[in-house]
Amino acid sequence: MGRRNIRVSIVKPDLNSLSTSSPRRSAAGDNPTAEPVLASPFGEIAGLDRDDFREVAYEVFFTACRSSPGFSGRTAAAASHSGGSDSDGPGSPAAKMHGVGMAVRSRVKTALGLKMMKRSLSMSSSSSSSLLLRRVSSSGMLNPSSPTAAGSSPRLGSTVPAAGVRLKRPMTSAEIMRQQMRVTEQSDNRLRKTLTRTLVGQMGRRAETIILPLELLRHVKPSEFTDPQDYHQWQRRQLRLLHAGLLLHPSIPLPKSNPHAAKLREILRSSEAKPIDRAPHSRTLKALCDCVAALACRGPDDAADACRWADGYPLNVHIYMALLRAVFDAKDETSVLDEVDELLELMKKTWSTLGFTRAMHNLCFAWVLFEQFVATGQGEPDLLGAAFVMLKEVENDAKNKADREPVYMKMLGGVLAVMRRWSESRLLDYHSNFNRDTIGIMENMLPLLSWSSKILEEDVPLYVVSSPENGEESDDVAGNRVDHCIRSSLRNAFAKILEEQNGNRAKNNDTKVTSEILMKMAAKTEELAGKESDIFSHVLKKWSPSALSVATVTLHTCYGIVLKQFLAGKTWQMHEILSVLQRTDMLEKALVEMAIEDSKECDDGGKVLATQMVPYEVDSIVTRLLKQWVLERQHKGKELLHRAKQTETWNPRSKTEPYAHSAVELLSFAKEAVDNFFQLAVNVSENQFYDFIDGLESLFLDYVAFISSCGSKQNYLPTVPAPTRCSRDSKFFKLWKKAACGAVEDHHHHKLDLSSSMDAATSTATAAAGNNHYIRAPTSRGTQRLYIRLNTLHHLSSQLHSLDKSLSSSPNVAPLSKTALLGHHRSRSQSTCSYFEKSLSALQSASQHVSEVAAYRLIFLDSHSVFYGGLYVRSVSHARVAAVIDSLKHNLTLLCMIVVERAQPLALKEVIKAAFEAFVRVLVTGGSSRMYSQMDHPMIEEDLDTLKRLFCMCGEGLVVEDTVEREVEAAQGVVGLMGQSTEQLIEDFISVTNGSYGMNVVNPRHKIPVPPTTGNWNRFDPNTILRVLCSRNDRIANDFLKKTLHLAKRRATGFKML
């Protein structure tokens, strides 16, 4: 008995990873009438639904298989009992399968990769005897064709006693189909009666020659229905089938002017109001039969028995699909019946009626498996695998030219397009649709997508599958399509991560929240990449070798877009953006590592993908941001410094903080900048650190220059008068004696642009000097402000040392090395290791300068009335140093009270230096108001010693005696000249002059040039000796200066002390 089986391919996708758990009942399984999730690729037929197709499908199936065992009114058991000759005839599925219900392992299910069910409809039994039945059947003691196992009634549930056990007889294929297609017993009886009446005397008539709806209309009576309305609806269904098969979708195109078609439409319209009269002599029924027979018997061969009423597309497909859906268990719709081999073999008998071919069957079966997988909630991956196996059969059919009929190609394009579109929609967002438990479904969906696209592209004419990526073409189309799915799914997954954060971002739209969002997104992105690698990558790599690399590049690009938008914002804090960049760098390294590991298996080593992964360049961004941050701090520091220059008054901040307020602000700014710099969550290079330090030091240098911009000592030194000789006999001498005290002082203060109050104090002090009543010259406010500048410099110096020490001990800063010092653009000495060397050096120079200016201002301006302007005026004996000592004591006490202790030694040293210089200038550049004799030397020397003792005792050891000795040395030499005779002075002058200028002056009357004024007053300076001679009030000096140097005499009007 040669029963033909469905041709299926044994080639299957890898199903090892699929779940082996028991099938799950879906919502569709609970509701048998539930519509599938997919839209039918075959279109819809107006007026007919699935129930209608199911009814007519069973009618066509029963009519085609009426001669098979179990279909002719006798059960299979009864046929077996009467003799085995009929059941063993050709084409009997039961004969090949050793009896109905005794099927061995299904060849179709094995080929499709489907598991056998634990129960069989044809072997179902009562709950009390199921175990016994399985044991008896497995042992071969009970044959389903034996009389013991047979029943007398074909109805489901009939039982006969067998050894005291109630056993259900095996179900026939007809009963299985009736149960699976939910056909009532009344409908089945009507069908059987109709066929019996139709085939009276025509038992050999082929099924395809029977117009089944017409025969049912002729033979089924209204009395067979309990409700006339039910009969009318049933009649309307039969007429709609004829309308669809003969008028709407005929297999042979219908001419528009066909009279039979017009008559049929008229009859159909009239049947809407009331049923068609089926009386024996009904004209309407006769007209209906004539029209239907004429339309159904049209054909190219004009064969009288060719009835084409159900072979037009898509009616035939809808009918056949209803048959194919019956292979799924009604109680568990994810399972295929074990009897599928027999059922499919029986369904083959309907092909002639429906105009089907094997290629059309394979395509519809593939669609039914796929549709059932979707309709049952996509919980059974075996169905998807079976659909793929059938799809490979479809590919073979599509390449067979004999099967490439227009109707089939239309069906092929529609089915594959829907399968491809649905699979791609799931795979384009596989992160949302699949997980670790359902990865097996995805593993079977990938080949389904690839195969359906391949068949559409290669075998379906005029069908163009959209390119995977923006129209690009490649030899590896499947790989590109999978890459497209990877990119799409990851973009969708990344977009969902972003959407999750948008809620918080909308509530608090600030930089802090935004940076936190970026940090969370980086962590989520890395987690997503790990999920891709652990769950999906090994499946996707079967179709795209660089699947993980594509995924990492996609995630890298997606995060890069968000990062770019974040960096483009202008409202962010430096430490926050650097934290984001640091986390971004970690993410990029993780993604690159994944890509590198994955690229080892690629042919090109991942070079193509490497060009697509544009680096974030975190280091360059950090460098740029750090540079920008440093520039911003420098700009703020310059603004602070500019404001200080405009507002600083050099008043002490408080008694405990005797320095300028601007210094406090600048140091606070610097410390804050340093703290913020080290709080930045980023690795700072040595050059970046030095650039930051250079920026701070430039501010300090500018501020130090601002502090030291207080003039110079030259602003307070009196102008050195030209040397003139004394003349006791001058006519103006007496006038000078009377006016010298007032005139000289007023003129000098005018040249120095002093205040009127200081002029009054000077004249008063000069007048009182002769009466030994001393008026102290107080320290002016300007000098006190210079002291505040000096304090500010020392405070700045101490704070810089402290800051430098904290930088050196900071774990974030590498210790300074000679290599670093030499390699850096800052010029540092190798002997020092200070970060603010230039500033500290400038502070030392500035302190020296401010101390010097303050000292010369104190001596030559504040103390001018008692010192340079009053000492030894008129005569030495009447203007001794006592007034100077008293004033200096008071001013030095005030200096020690204002100037900080650390700065006092330098300030006192400069005061000593200025005081001794003032003393020397009184002796050598005292001008016309002073004249000396050799006899004044003891008093002058005594005054110098008194001044020296004052400085040695002041400040409680702040000034060492050696310092005083060094500063007084020049003054002692000049005082020594005052004690020499005039002749000795002249001799020393001639000797020093000859040595300095290479002259040989032998005759004192020979004219020699006046030596220049160097300001370096000492006993070996010719100009110093000359000025001592000029101040000597005797005839010898006068004659020498007159005859040898031709110096003019002093005049009373020439008392200019500039």
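**Some details on the overall build of the protein**
Right, so step 1: Helices and strands together make up the secondary structure of the protein, namely 40 helices and two strands.
Right, so step 2: Residue burial in the protein is summarised as follows: out of 1058 residues, 54% are buried.
Right, so step 3: Nonlocal contacts in the protein, meaning residues at least 24 apart in sequence, comprise 78% of its contacts between residues at least 6 apart.
Right, so step 4: Summed over its atoms, the accessible surface of the protein is roughly 48,700 Å², and 52% of this surface lies on carbon and sulfur atoms.

**So, the packing of helix H28 (residues 686–707) against helix H31 (residues 781–809)**
Right, so step 1: Following both chains from N to C, one finds H28 and H31 inclined at 170°, their axes separated by 11 Å at the closest point. The orientation of H28 with respect to H31, classified from their angle, is roughly antiparallel. From H28, Phe689, Ile693, Phe700, Tyr703, Val704, Phe706 and Ile707 reach across to H31, where they touch Arg789, Thr792, Leu793, Leu796, Leu800 and Leu807.
Right, so step 2: Looking at the contact of H28 with H31 residue by residue, the classes come out as eleven nonpolar, one polar and one charged.

**Remarks on the state of the cysteines**
Each disulfide is one covalent bond, formed between the sulfur atoms of two cysteines.
Right, so step 1: Scanning the model with the defined rule gives zero disulfides in all.
Right, so step 2: Looking at Cys307, it has no disulfide partner, and the nearest cysteine sulfur is the one in Cys297, 4.1 Å off.

**A look at the packing of helix H34 (residues 882–898) against helix H36 (residues 937–953)**
Right, so step 1: At a minimum axis distance of 11 Å, the contact between H34 and H36 shows a crossing angle of 15°. As judged from the angle between their axes, H34 and H36 are roughly parallel. In this structure, the crossing between H34 and H36 has a hand that is right-handed. Along the contact surface, H34 presents Ile885, Leu888, Lys889 and Leu892, while H36 presents Thr946, Leu947, Leu950 and Phe951.
Right, so step 2: Residues belonging to the contact of H34 with H36 are distributed by class as follows: six nonpolar, one polar and one charged.

**Digging into helix H7 (residues 173–180)**
Right, so step 1: Counting buried positions over the eight residues of H7 gives seven, a clear majority of the element.
Right, so step 2: Residues of H7 that are buried: Ser173, Ala174, Glu175, Ile176, Met177, Arg178 and Gln180.
Right, so step 3: On the buried face of H7, the contacting elements are helix H2 (50–64), helix H8 (185–198), helix H13 (315–324) and helix H14 (340–347).
Right, so step 4: Following H7 by one or two positions, Arg182 adopts a phi angle in the positive range, close to 55°.

**As for the pattern of salt bridges**
Right, so step 1: What the rule picks out here adds up to 30 salt bridges.
Right, so step 2: Between Glu852 and Lys713 there is a salt bridge; the shortest N-O distance is 3.8 Å. Here Lys713 lies in the loop between H28 and helix H29 (733–752) and Glu852 lies in helix H33 (residues 837–862), a separation of 139 residues in the sequence. In this pair, the class of Glu852 matches that of Lys713, namely buried.
Right, so step 3: A salt bridge links Arg921 to Glu917; its shortest N-O distance comes to 3.4 Å. Of the two residues, Arg921 and Glu917 both sit in helix H35 (residues 904–924), four residues apart, roughly one turn of that helix.
Right, so step 4: A cluster of three or more residues bridged by salt bridges with shared partners is formed by Arg50, Arg325 and Glu371.

**Here we look at the environment of Leu268**
Right, so step 1: Inspection of the secondary structure puts Leu268 in helix H11 (residues 259–270).
Right, so step 2: On the basis of relative accessible area, Leu268 is assigned to the buried category, the value being 9%.
Right, so step 3: Not counting residues within four places of it along the chain, the set of residues in contact with Leu268 comprises Arg236, Leu239, His243 and Leu247.

**Comments concerning the environment of Glu516**
Right, so step 1: With respect to the secondary-structure elements, Glu516 resides in helix H22 (residues 511–540).
Right, so step 2: Note on Glu516: relative accessible area 38%, which makes it partly exposed.
Right, so step 3: The spacing of Glu516 and Gln501 is 15 residues in sequence and 9.6 Å in space, taken between C-alpha atoms.

**Considerations on the side chain of Gln238**
Right, so step 1: Within the secondary structure layout, Gln238 lies in helix H10 (residues 228–248).
Right, so step 2: Overall, the relative accessible area of 0% leaves Gln238 in the buried class.
Right, so step 3: Those residues in contact with Gln238 that sit more than four places away from it in its chain are Glu59, Pro213, Leu216 and Leu217.

**Let's talk about the packing of aromatic side chains**
Right, so step 1: Counting across every chain of the model gives 30 aromatic pairs.
Right, so step 2: Ring plane angle 90° and centroid distance 6.2 Å describe the contact between Tyr872 and Tyr932, whose orientation is recorded as edge-to-face. One end of the pair, Tyr872, is in the loop between H33 and H34; the other, Tyr932, is in the loop between H35 and H36, with 60 residues separating them in the sequence.
Right, so step 3: In this structure Tyr872 comes out as buried when scored by relative accessible area, which is 0%.
Right, so step 4: Between the NZ or CZ atom of Arg930 and the centre of the ring of Tyr868, over which it lies, the distance is 5.6 Å.

**Structural notes on unusual backbone geometry**
Right, so step 1: With an omega of 10°, the peptide bond running from Tyr313 to Pro314 counts as cis.
Right, so step 2: Turning to its location among the elements, Pro314 is positioned in the loop between helix H12 (283–296) and H13.
Right, so step 3: Phi at Gln378 is positive, roughly 60°, even though this residue is not glycine.
Right, so step 4: The phi torsion at Arg874 lies on the positive side, around 80°, for a residue other than glycine.
Right, so step 5: With respect to the helices and strands, the residue Arg874 is situated in the loop between H33 and H34.
Right, so step 6: Given the relative accessible area of 44%, Arg874 is considered partly exposed.

**Side note on the confidence of the model for the protein**
Right, so step 1: When the pLDDT values of the protein are averaged, the result is 78; 75% of them are 70 or greater.
Right, so step 2: The low-confidence segment residues 124–165, where pLDDT is below 50, has 58 contacts with residues more than four positions distant or belonging to other chains.

**Looking at the environment of Thr946**
Right, so step 1: Checked against the element boundaries, Thr946 lands in helix H36.
Right, so step 2: Not counting the four nearest positions on each side in its chain, Thr946 is found in contact with Val881 and Ile885.

Cut-offs used in this document
Residues numbered from 1 in each chain as written. Predicted model: local features only at pLDDT ≥ 70, side-chain atom pairs only at ≥ 80, totals over all residues. Heavy atoms only, no water. Helix = DSSP H or I, 4+ residues; strand = E, 2+ residues; numbered from the N terminus. Buried < 20%, exposed > 50% of the residue type's maximum accessible area, 1.4 Å probe, protein only. Contact = heavy atoms within 4.5 Å. Areas by Shrake-Rupley, 256 points an atom, 1.4 Å probe, with all protein chains shown as cover. Axes fitted to C-alpha atoms, helices over the stretch in contact; angles between N-to-C directions. Parallel < 35°, antiparallel > 145°, perpendicular 65-115°, else oblique. Nonpolar A, V, L, I, M, F, W, Y, C, P; charged D, E, K, R; others polar. Disulfide = S-S within 2.5 Å. Left-handed = near helix turned anticlockwise from the far one by under 90°. Salt bridge = Lys/Arg side-chain N within 4 Å of Asp/Glu carboxyl O. Phe/Tyr/Trp six-rings, centres within 6.5 Å; stacked < 30°, edge-to-face > 60°. Lys NZ or Arg CZ within 6 Å of the ring centre and 35° of its normal. pLDDT = per-residue confidence, 0-100.

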